[in-house]
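Below, each chain spelled out in residue letters.
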Amino acid sequence: MKVAVVGYPNVGKSSLINRLTGTREAVVHQRPGVTRDRKELDCEWNGRQFKLIDTGGMDFEDEDPLAGSIRDQARAGIADAQVAVLVVDARAGVRPGDEEMAELLRRAPLPTIVAANKIDGVADLPLAAEFHRLGLGEPLAVSAAQGLGSGDLLDRIVELLPDGELEADADAIRLAIIGRPNVGKSSLVNRFLGEERVIVSEDAGTTRDAIDMPLMVGDRKLILVDTAGMRRQSKVSDSVEYYTALRSQRAAERADVALVVCDAAEGVTSQDLRIAELAMKAGCATAIVLNKWDIFSSTRPPEEDLDHERARVAEKLRLRPRVLTASAKTGRHVSRLLTEAITLGDRMAGRIPTPELNRFLSEAVQARQPPVGTRRGSSQHRLKLIYMAQIGERPPRFAIQVNSRARVTRDYAYFLENRLRARYGMDGVPLIIDFVERGQRGRARAA
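Bear in mind that the values here come from a model prediction, so they are computed numbers and not experimental data.

## Focus: the sheet that holds strand E5 (residues 112-117)
Thinking step 1. With respect to topology, six strands assemble into an open sheet ordered E2-E3-E1-E4-E5-E6, the strand pairing being mixed. Only two strands of the sheet have a single neighbouring strand rather than two, namely strand E2 (39-45) and strand E6 (140-141).
Thinking step 2. Both strand E1 (residues 2-7) and strand E3 (residues 48-54) contribute to a ladder of four bridges, which runs parallel. Bridged to Val3 within E3 is Leu52.
Thinking step 3. Taken strand by strand, helix H1 (residues 13-21) contacts E1, E2, E3, strand E4 (83-89) and E5, and its axis lies near 165° from that of E3.

Rendered as structure tokens:
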């Protein structure tokens, strides 16, 4: 069940959505036009669960191409919803833009609620009466800032929603598309979905929020998350860009898999590596995508460049994520990216049987003997690896029981980690290995 929240720019749609959902997920700023793509947020009221669709402000007189794309996104939100909420500025009164929105909604086959926003006190209540003239029924007085009327608005929404339950996303793989500005993240998302779901522009910084979108790949469900571009923090001076970049980081933190999109013509830059590191530190399985490969490969032989980029990534990033090529423009290798994302998601959630892990441990010890270490107050003793088992997932976590007379060196811990990645195809997957001393509950060292 979905509810589209629409209206003229800067009437307080995103602020109202944050009030109704009890979150700060929707980007709010005094500057008009901050919201561009439509964003869906979960909401619950009196046992009913539904999604609120935050849309960009619709200015029908603005001839800018970006404004036209915003209007298209808002119309798509209305078409996808079962109820619409038209948010108006009660202090400004009825404006021509409100009347055009009302006309659009009167033609739409769904019930509509008029929410007269910015009524912050009892003295302002009469201001809502003017919006009867929109022909959409009794307007509700609300205040996104103070919370006035929010319960009444939610009651009306729940009353108008048809019967049905919100589909659960518990088993879906959350896939975040992250990277620097203007590398083609939104184009790639649209290619995945097979439609113009998010706005694409040559201007950097078009995407302002982290947008969740469901996608079925065969019988597997993914939640795609398109994010705003992430520049070096020292170059971020605009407050809107600061908060949108922060939301991009949070999107990576709650994702299972991240695709770090790079511009193939520029290669994997230092900022791309920092973004990948951020995703992996957040416990997110990661792959690197060289987008616009069709343009790059047509100008010079690409094989040596690709080998160079892969070697550089393997050298710089401990988790050794795979480096893949694709073209959002032509669709080349795009399906392969989704296959890789599903594989990484399965690796994050999968479990390796204990007997198999102990065979792996025995082979690793035969390939390279553990170091000789010294325990405090005792002589030198060789480290012994006794037993291995997986104790967690998302990300995978393993425990190796060791003898109590030696300590694990960082070099040997990395050797086991890299061998584990190679054996089970876990390049780009964050791993945690606890070395637990025999007879002790705590862990001796974590890699």
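On we go.
## Re the packing of aromatic side chains
Thinking step 1. If you walk through the whole model with that rule in mind, you get two aromatic pairs.
Thinking step 2. Arranged with centres 5.4 Å apart and planes meeting at 40°, the rings of Tyr412 and Phe415 form a pair that is tilted. Of this pair, Tyr412 and Phe415 are both found in helix H12 (residues 410-424), three residues apart, which corresponds to roughly one turn of the helix. Of the two residues examined, Tyr412 and Phe415, each falls in the buried class.

## Some thoughts on a nonpolar patch on the surface
Thinking step 1. Taken together, the side chains of Val122, Leu125 and Leu148 make up a nonpolar region of the molecular surface, amounting to roughly 260 Å² of accessible area.
Thinking step 2. Looking at the element boundaries, Leu148 is found in the loop between E6 and helix H4 (150-160).
Thinking step 3. Here Leu148 falls in the partly exposed class, since its relative accessible area comes to 34%.

## So, the pairing of strand E16 (residues 397-402)
Thinking step 1. One ladder, built from six bridges, connects strand E15 (residues 385-392) with E16; its direction is antiparallel. From the neighbouring strand, Tyr387 faces E16, where its bridge partner is Gln401.
Thinking step 2. What sits between E15 and E16 in their antiparallel hairpin is a turn of four residues, with Arg394 showing a positive phi close to 50°.
Thinking step 3. Sheet topology places E16 next to strand E17 (residues 432-437); six bridges connect them, and they run parallel. Its bridge partner being in E17, Ile400 is matched across the sheet by Phe435.

## Some thoughts on helix H5 (residues 185-193)
Thinking step 1. Summarising burial for H5: seven of the nine residues are buried, a large majority.
Thinking step 2. Within H5, the full set of buried residues consists of Lys185, Ser186, Leu188, Val189, Asn190, Phe192 and Leu193.

## Some points on the packing of H5 against helix H10 (residues 334-349)
Thinking step 1. Close contact between H5 and H10 brings their axes to 10 Å; oriented N to C, the two are set at 85°. As the angle between them shows, H5 and H10 are arranged roughly perpendicular. Between H5, through Leu188, Arg191 and Phe192, and H10, the contact on the second element is made entirely by Val334, Leu337 and Leu338.
Thinking step 2. Residues belonging to the contact of H5 with H10 are distributed by class as follows: five nonpolar, no polar and one charged.

Here is what the cut-offs are and how they apply
Residues numbered from 1 in each chain as written. Predicted model: local features only at pLDDT ≥ 70, side-chain atom pairs only at ≥ 80, totals over all residues. Heavy atoms only, no water. Pairing = 2+ DSSP bridges. Helix = DSSP H or I, 4+ residues; strand = E, 2+ residues; numbered from the N terminus. Contact = heavy atoms within 4.5 Å. Axes fitted to C-alpha atoms, helices over the stretch in contact; angles between N-to-C directions. Phe/Tyr/Trp six-rings, centres within 6.5 Å; stacked < 30°, edge-to-face > 60°. Buried < 20%, exposed > 50% of the residue type's maximum accessible area, 1.4 Å probe, protein only. Patch = residues over 30% accessible without salt bridge, like charges linked within 9 Å, V, L, I, M, F, W, Y side chains within 5 Å. Areas by Shrake-Rupley, 256 points an atom, 1.4 Å probe, with all protein chains shown as cover. Salt bridge = Lys/Arg side-chain N within 4 Å of Asp/Glu carboxyl O. Parallel < 35°, antiparallel > 145°, perpendicular 65-115°, else oblique. Nonpolar A, V, L, I, M, F, W, Y, C, P; charged D, E, K, R; others polar.

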